[in-house]
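One letter stands for each residue in the lines below.
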Amino acid sequence: MQYRTVTYPHGMPQSAPGSSPPAAPIGPVGPALPVGPALPVGRPRDRAIDACVLDAALGELATKGYAAFSLAAVAEAAGTTRPALYRRWKDKSDLVVDAVARLAQAEIPQVTGDHQADLVAELENFAHCIRATGALPLAGLMLTDAVEPSVQAAYLEKIVAPRRGRLRAILVAAVAAGELDRDADLDIAGSFLTGSWYAFHIAGRPVPDNWAERVAELIWKACRADLDARG
């Protein structure tokens with residue numbers, strides 16, 4: 001460890017007769033304090049608190065839904081404070097996006113190679129994630145100007161894009177296996193999948209219990225490869 005000292009070649013300077021006393025020396029009189037490494041600014045984000053908050057948010061969504069979702073209740077259930085939440089998430093919608101994404105990412109269905117069954121499993125998981133969190137209004141909110149663009153972008157990146165990617169991958173695999181026609185319009189088919197679930201709600205009708213099976217069957221019938229035509 002190094003120290004810095006101040007020395008004078010001929011001792012302490014003396015004042016001339018009748019003049020003012022000499023100025024005090026600049027710098028420490030004795031050994032200076034050691035110079036250590038710079039301290040980090042702020043505290044690192046505690047991932048354990050993040051997990052507790054997201055779990056509490058999922059519980060709040062499941063019991064009260066999005067409209068009655070309370071940041072104060074989430075903070076209390078997670079054993080933290082509202083200011084701690086606002087240091088991590090911009091607002092209620094920002095927190096809900098992360099909570100729903102956590103649920104969707106934790107329960108991704110395993111791909112089995114039975115493409116129609118894989119499609120059913122993915123659609124059932126989609127419906128479960130929304131029903132379990134009561135987060136249906138969140139999708140509508142993301143279509144309005146009432147939410148910050150950064151939160152909309154996070155919703156698309158963390159929830160919409162991964163789901164659509166997995167659905168499309170199933171359809172592409174079915175085309176490669178010869179189960180669906182190679183000319184099938186997968187963009188429209190993919191939009192129809194989850195879109196039909198929202199359509200029931202917009203029409204004020206209950207979603208059938210076997211919705212996922214019926215949607216997958218319709219896709220297979222509409223896009224089935226014509227093996228006879230290929231000869």
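In this text the structure is predicted, and so the values were computed from the model without any measurement.

This part takes up the packing of aromatic side chains. Counted under the stated rule, the structure contains 4 aromatic pairs. Relative to Y198, the ring of F126 has its centre 5.8 Å away and its plane inclined at 75 degrees; by these criteria the two rings are edge-to-face. Within this pair, whereas F126 is found in helix α5 (residues 115–133), its partner Y198 is found in helix α8 (residues 186–202), the two being separated by 72 residues in sequence. F126 gets classed as buried once you look at its relative accessible area, which sits at 7%. Overall, the relative accessible area of 23% leaves Y198 in the partly exposed class. Summarising the aromatic geometry, the rings of F126 and W211 are spaced 6.1 Å apart at their centres and angled 40 degrees between planes, so their arrangement reads as tilted.

Let's shift gears to the packing of helix α4 (residues 92–106) against α5. Two packed helices can be described by the angle between their axes and the distance between those axes. Viewed as axis vectors pointing N to C, α4 and α5 meet at an angle of 140 degrees, and their least axial separation amounts to 10 Å. In terms of axis orientation, α4 runs oblique to α5. In this structure, α4 crosses over α5, and the sense of that crossing is right-handed. Note on element contacts: α5 touches α4 through C129, A132 and T133, opposite V100, L103 and A104. When the residues that make up the contact of α4 with α5 are grouped by side-chain class, the tally is 5 nonpolar, 1 polar and no charged.

With that settled, the discussion passes to the layout of surface pockets. Here the largest pocket defines a volume of roughly 640 Å³. Lining the largest pocket are 29 residues; nearest its centre among them are F126, A139, Y155, V160 and Y198. Mapped by element, the contributors of at least two residues to the lining of the largest pocket are α4, α5, α6 (136–141), α7 (149–176) and α8. It is α7 that provides the largest number of residues to the lining of the largest pocket, a total of 10 residues. Looking at the lining of the largest pocket, its residues break down into 18 nonpolar, 7 polar and 4 charged.

Within the secondary structure, D98 sits in helix α4. D98 sits in the buried class, given a relative accessible area of 15%. When neighbours within four sequence positions are excluded, D98 is seen to be in contact with L54, W89 and K158.

On to the pattern of salt bridges, then. Within this structure, the stated rule accounts for 8 salt bridges. D50 is paired through a salt bridge with R88; the nearest N and O atoms lie 2.7 Å apart. Here the residue D50 occupies a position in helix α1 (residues 47–64), and R88 occupies one in the loop between α3 (82–86) and α4, the gap between them amounting to 38 residues. When sorted by exposure, D50 lands in the same class as R88, which is buried. As a salt-bridge pair, R102 and D55 come within 3.0 Å of each other at their nearest N and O atoms. Of the two residues, R102 sits in helix α4 while D55 sits in helix α1, which places them 47 residues apart along the sequence. On the basis of relative accessibility, which here comes to 31%, the residue R102 falls in the partly exposed class. One connected set of salt bridges, linked through shared partners, spans E122, R163 and R166.

Calculation notes
- Residues numbered from 1 in each chain as written.
- Predicted model: local features only at pLDDT ≥ 70, side-chain atom pairs only at ≥ 80, totals over all residues.
- Heavy atoms only, no water.
- Phe/Tyr/Trp six-rings, centres within 6.5 Å; stacked < 30°, edge-to-face > 60°.
- Helix = DSSP H or I, 4+ residues; strand = E, 2+ residues; numbered from the N terminus.
- Buried < 20%, exposed > 50% of the residue type's maximum accessible area, 1.4 Å probe, protein only.
- Axes fitted to C-alpha atoms, helices over the stretch in contact; angles between N-to-C directions.
- Parallel < 35°, antiparallel > 145°, perpendicular 65-115°, else oblique.
- Left-handed = near helix turned anticlockwise from the far one by under 90°.
- Contact = heavy atoms within 4.5 Å.
- Nonpolar A, V, L, I, M, F, W, Y, C, P; charged D, E, K, R; others polar.
- 1 Å grid on protein atoms, 1.4 Å probe; cavity = no way out; pocket = protein on both sides within 12 Å on 5 of 7 lines; lining within 4 Å.
- Points joined across faces, edges and corners; volume = space filled by probe spheres on them.
- Salt bridge = Lys/Arg side-chain N within 4 Å of Asp/Glu carboxyl O.

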